[in-house]
Amino acid sequence: MKKHLLALSAAAVLLAPQTVGAEGFSINEWSAEGFAMGGARMFAENDAANMAYNPASLTKVQGEKAKISVAYISPHGKWKADDKLIPDDNWDAFGHNRVNPAFAPGMYYVKQLNDKEWLGMGTYARFGNMCQFERNDVVASSAFSSRLNGVSLGMNYARKHDNKWSTSVGAEINYIGLVLDKNLGMGSPFHIDGTSWALGWNAAANYTFDDKNEFGVVYRSKVKHSMEAEYDVHGVLGGLASPNNSGDAYGCVTLPESWMLGYGHKFDDKTRMELNATWTRWSRFDALNIALTPGLPIPGGNQLGTKNMWKDGWRYAIGIEHKLSDKYSLLAGIAHDERGIPDETGDFMVPTGERDTYSIGVQYHDKKQTIALGLGYMDVGDLNMKGHTVTDAYSKAHMHDSYTKIVVLSYQYNF
């Protein structure tokens, strides 16, 4: 067991700086089976990815299992904007995001210690974002490249108290890396790159009503990051020719806490369904303010920030799993994410609206291994934005025709 834990720990640390987010900000693609069921997978049997979806269900894992998963996420979208330099109220500029797919990996290890105790460990992305536009676009004054790499390294202890109750508590080390490129002043390129590590925790509980129905709840704490970064900018600033400027930057951001509620029902030995609702306190993410040292010769030059003023919101999902035989299963799911970004404070760093995700999947399993594939399409709602900083080159903008293609592959080995 110790050898397996050390191997997974080393892989997780090496993986963390390379983990990237994708369209949106909340990442739910933690395994092929979980994604195929719309994220409604809190009560799976013998699945090491329970570490991510519901640690209280670690008690449903028999023996010792390890799992690896990777999600391919490809966002697409179009925009139009009203250029401040053109004195009218029309859409003067048009474009689309640069298609730059992201990968969100996950790794899980679960060990049954005895009849009542389990230990789980995993690394997976809970928050992340990646958006890219053309460097000379009007909207590049907000951001022409925005990447928030995120990964969580967690360990959980789970206990089965009796035939009805199971609980779990765990600790999380959360990593984020921010890379932002935008245009300041007269198109002066600005680049910032920073990282941060912070601690969080979680708790979960399952209650089994009978052999067909069960209920679960998972709480994940807020994670407060203090980021240290470096920046550089060159070109024309404040109407004056300026040499290259560089310096240190510092910022704080709080990733929000969440409550996940789930209900599972078995129709028979072959078919089961899960309903899921997740509430996230997005209002924690009220602003991204980064102080620059030394300041720059532009209005508010010692601060780079946006007042996001996000709204708390829900995510709803339903998933179905049907066994075709002892080795093959089909999965399907639908999920809806409420939009948490108001029109007044939206920007091109995280330009996403409400999201509807449709997914299907297939799983093969035998005594030693499980292989699964999930395919999905995410329909992203429109988003209106206003130019709300002095450096924005547009007075208003509109994101439309946005969607994301997702493919997730998982492999689990049973020791």
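Scroll up to find the structure.
Analysis parameters
- Residues numbered from 1 in each chain as written.
- Predicted model: local features only at pLDDT ≥ 70, side-chain atom pairs only at ≥ 80, totals over all residues.
- Heavy atoms only, no water.
- Helix = DSSP H or I, 4+ residues; strand = E, 2+ residues; numbered from the N terminus.
- Buried < 20%, exposed > 50% of the residue type's maximum accessible area, 1.4 Å probe, protein only.
- Areas by Shrake-Rupley, 256 points an atom, 1.4 Å probe, with all protein chains shown as cover.
- 1 Å grid on protein atoms, 1.4 Å probe; cavity = no way out; pocket = protein on both sides within 12 Å on 5 of 7 lines; lining within 4 Å.
- Points joined across faces, edges and corners; volume = space filled by probe spheres on them.
- Nonpolar A, V, L, I, M, F, W, Y, C, P; charged D, E, K, R; others polar.
- Core = buried A, V, L, I, M, F, W, Y, C linked by side-chain atoms within 4.5 Å.
- Pairing = 2+ DSSP bridges.
- Patch = residues over 30% accessible without salt bridge, like charges linked within 9 Å, V, L, I, M, F, W, Y side chains within 5 Å.
- Salt bridge = Lys/Arg side-chain N within 4 Å of Asp/Glu carboxyl O.
- Lys, Arg positive; Asp, Glu negative; His and termini not counted.
- Charge placed at Lys NZ, Arg CZ, Asp CG, Glu CD.
- Polar contact = N/O pair within 3.5 Å; in protein donor to acceptor, adjacent residues only side chain to side chain.
- Contact = heavy atoms within 4.5 Å.

K.L.:
Would you mind showing me how to read the overall build of the protein here?
P.N.:
Counting secondary structure elements, the protein contains three helices and 21 strands. Every one of the 415 residues in the protein was classed for burial, and the buried ones make up 55%. Approximately 17,700 Å² of the protein is accessible, and the part contributed by carbon and sulfur atoms is 58%.

K.L.:
Would you explain empty space enclosed by the protein in this entry?
P.N.:
Unfilled space is identified by rolling a water-sized probe across the atoms. What the rule picks out here adds up to nine cavities of 30 Å³ or more. Looking at the largest cavity, its volume works out to about 390 Å³. In this structure, the largest cavity is lined by 27 residues; those nearest its centre are S26, T280, W282, D337 and R355. Within the residue set of the lining of the largest cavity, elements represented by two or more residues are β9 (213-220), β12 (258-266), β13 (271-280) and β16 (313-323). With three residues, β16 is the single largest residue contributor to the lining of the largest cavity. Partitioning the lining of the largest cavity into residue classes produces ten nonpolar, ten polar and seven charged.

K.L.:
Which parts of the structure should I look at to understand unusual backbone geometry?
P.N.:
The phi angle of most residues is negative, glycine excepted, and most peptide bonds adopt the trans form. Phi is positive for N46, which is not a glycine, with a value near 55°. Following the sequence through the fold, N46 ends up in the loop between α2 (32-36) and α3 (50-53). For D401, which is not glycine, the phi dihedral falls at a positive 50°. Within the secondary structure layout, D401 lies in strand β21 (residues 394-414).

K.L.:
Quick question: what am I supposed to make of the nonpolar core here?
P.N.:
Within soluble globular proteins, side chains that are nonpolar generally end up buried alongside one another. Residues I176, F190, I192, Y231, A249, I290 and L292 are the most contacted members of the largest nonpolar core, which totals 25 residues. For this core, the elements supplying multiple residues, two or more each, are β7 (165-184), β8 (188-208), β10 (223-237), β11 (240-255) and β14 (287-293). Broken down by element, this core gets its largest block of residues, five residues, from β10.

K.L.:
When you look at the pairing of β13 in this model, what are you seeing that I'm missing?
P.N.:
Two faces make up the sheet, and in a regular strand the side chains alternate between them. The buried count for β13 comes to eight of ten residues, which makes it a mostly enclosed element. Relative to β13, β12 runs antiparallel, the two sharing nine bridges. The partner of W259 across the bridge, within β13, is W279. Taking the residues that link successive antiparallel strands as the turn, the β12-β13 hairpin has four residues.

K.L.:
Quick question: what am I supposed to make of a negative patch on the surface here?
P.N.:
The grouping of E338, E354, D379, D382 and D401 at the surface amounts to a negative patch. Examined against the element boundaries, E338 turns out to sit in the loop between β17 (328-337) and β18 (355-365). A relative accessible area of 35% places E338 in the partly exposed class.

K.L.:
It is not clear to me how the side chain of S196 should be interpreted in this structure. Could you clarify?
P.N.:
Tracing the backbone shows S196 in strand β8. S196 gets classed as buried once you look at its relative accessible area, which sits at 3%. There is a polar contact of 3.3 Å between the side chain of S196 and the backbone oxygen of S226. Residue contacts for S196: discarding those within four places in its chain leaves N174, Y175, I176, H225, S226 and M227.

K.L.:
Sorry, what's going on with the pattern of salt bridges here?
P.N.:
Any two side chains of opposite charge can pair, so long as their charged atoms come close to each other. Counting across every chain of the model gives 15 salt bridges. We note a salt bridge from K60 to E214, for which the minimum N-O separation is 3.2 Å. Taken together, the residues span a long stretch of sequence, with K60 in the loop between α3 and β1 (64-83) and E214 in strand β9 at a distance of 154 residues. Under the relative-accessibility criterion, K60 is labelled buried at 14%. Given a relative accessible area of 9%, E214 falls into the buried group. The residue E172 makes a salt bridge to R126 at a minimum N-O spacing of 3.2 Å. A residue pair is termed long-range when its members are at least 10 positions apart, and E172 in strand β7 and R126 in the loop between β4 (117-124) and β5 (129-132) qualify at 46 residues. For the residue pair E172 and R126, the accessibility class agrees, reading buried in each case.

K.L.:
Hey, could you run me through the side chain of H225 in this one?
P.N.:
By the element assignment, H225 lies in strand β10. Here N174 takes part through its side chain, which lies 2.7 Å from a polar atom of the side chain of H225. Among the polar contacts listed, one links the side chain of H225 to the side chain of S196, at a separation of 2.8 Å. Beyond its immediate chain neighbours, meaning those up to four positions away, H225 contacts N174, Y175, I176, S196, W197, A198, G251, C252, V253 and L255.

K.L.:
Got a minute to help me understand the environment of A291 in this structure?
P.N.:
Among the secondary structure elements, A291 is positioned in strand β14. For A291, a relative accessible area of 26% puts it in the partly exposed group. In this structure, the C-alpha to C-alpha distance between A291 and Y250, residues 41 residues apart in sequence, is 5.3 Å.

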